[in-house]
Amino acid sequence: MLSAVIFDCDGVVVDSEPLLFELLAEELAQHNLPMQPDALHHTFLGMTLQGLRDKANAMGARLPIGWCDAFYDRLYAKLRLGTPLVQGILPVLDALDAAGIPFAMGSNGSAEKMQITLGQHGLITRFKGLYSGQSLGKPKPAPDLYLHAAAALGVDPSTCVVIEDSPTGARAAKAAGMRCMGYAPLGNVNLAAEGAVIFNDMKDLPRLLGV
């Protein structure tokens, strides 16, 4: 039984990750840690920005106190210029609406970032709640964010499906007792190891969800 779907935001609904990693590559190169885009994606995908800063500094970067706020300012300005949707996501939302299946969002990104990216496409009101792991104080891979979303939707976690693109998020879904569909258009990125059912094209998701 499927009672609700909870979507991650970046890389699942909005195609914001290329913009983020482009800016991150510039920032890390300026702070003693040059990295290739594919290495950035593999190393930092799904992390909070504070967790990313701590990990980057442990790897040799010199990101100062206050860097996260400054990075967010630059990132939000970049996202406001135009953040595309993930190809094929609108038919997925349409299919869920037609089937009467509610859907919400659970992201490790900030509430402001979701407002910026979803707002430019008029999608905010289509979701039955936008929930931020940062605002909750329990980001993924802790299960709290997804459990909070399920409680807000009034559904049993075991009847929810999470749509994720990172191992961190898939680990959170597993810990919450939820099934996870892992969107991996460029490859597995270790989603299967976290128990996710892998799919590579959004057009396949309604069929996989049975809607």
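Residues numbered from 1 in each chain as written. Predicted model: local features only at pLDDT ≥ 70, side-chain atom pairs only at ≥ 80, totals over all residues. Heavy atoms only, no water.

## Details of the layout of surface pockets
This is how it is decided: In this analysis a 1.4 Å probe is tested at points of a 1 Å grid over the protein atoms alone, and where it fits but cannot get out there is a cavity; an open set with protein on both sides within 12 Å along at least five of seven lines is a pocket; lining residues have an atom within 4 Å of a point. Grid points are joined across faces, edges and corners, and a volume is the space filled by probe spheres set on the points. Helix and strand assignments come from DSSP, with helices taken as H or I runs of at least 4 residues and strands as E runs of at least 2, each series counted from the N terminus. Throughout this entry, Asp, Glu, Lys and Arg are counted as charged residues, while Ala, Val, Leu, Ile, Met, Phe, Trp, Tyr, Cys and Pro are counted as nonpolar. The remaining residues, Gly among them, count as polar.
Its volume calculated, the largest pocket comes out at about 440 Å³. For the largest pocket, the lining is made up of 20 residues, of which Asp 15, Glu 17, His 41, Pro 185 and Leu 186 are closest to its centre. Sorting the residues of the lining of the largest pocket by element identifies α1 (17-30) and α2 (37-44) as the ones contributing at least two each. When the residues that make up the lining of the largest pocket are grouped by side-chain class, the tally is 11 nonpolar, 4 polar and 5 charged. Roughly 260 Å³ of volume is contained in the second largest pocket. At the level of elements, α2 and α9 (167-175) are the ones that each hand at least two residues to the lining of the second largest pocket.

## What to know about the pairing of strand β1 (residues 4-7)
The condition that has to hold: Burial classes: relative accessible area under 20% of the type maximum marks a residue as buried, over 50% as exposed, and values in between as partly exposed (1.4 Å probe, protein chains only). Pairing between strands requires that DSSP locate at least two bridges from one strand to the other.
Across the two faces of β1 the burial is the same, with Ala 4 and Ile 6 and Val 5 and Phe 7 all buried. Summarising the sheet, β1 and strand β4 (residues 160-164) pair through 4 bridges and their orientation is parallel. From the neighbouring strand, Phe 7 faces β4, where its bridge partner is Ile 163. Relative to strand β2 (residues 103-107), β1 is paired through 3 bridges, and the arrangement is parallel. When the bridges of β2 are listed, Phe 7 appears paired with Met 105.

Honestly, that's just the spatial picture; any functional story needs more than this.
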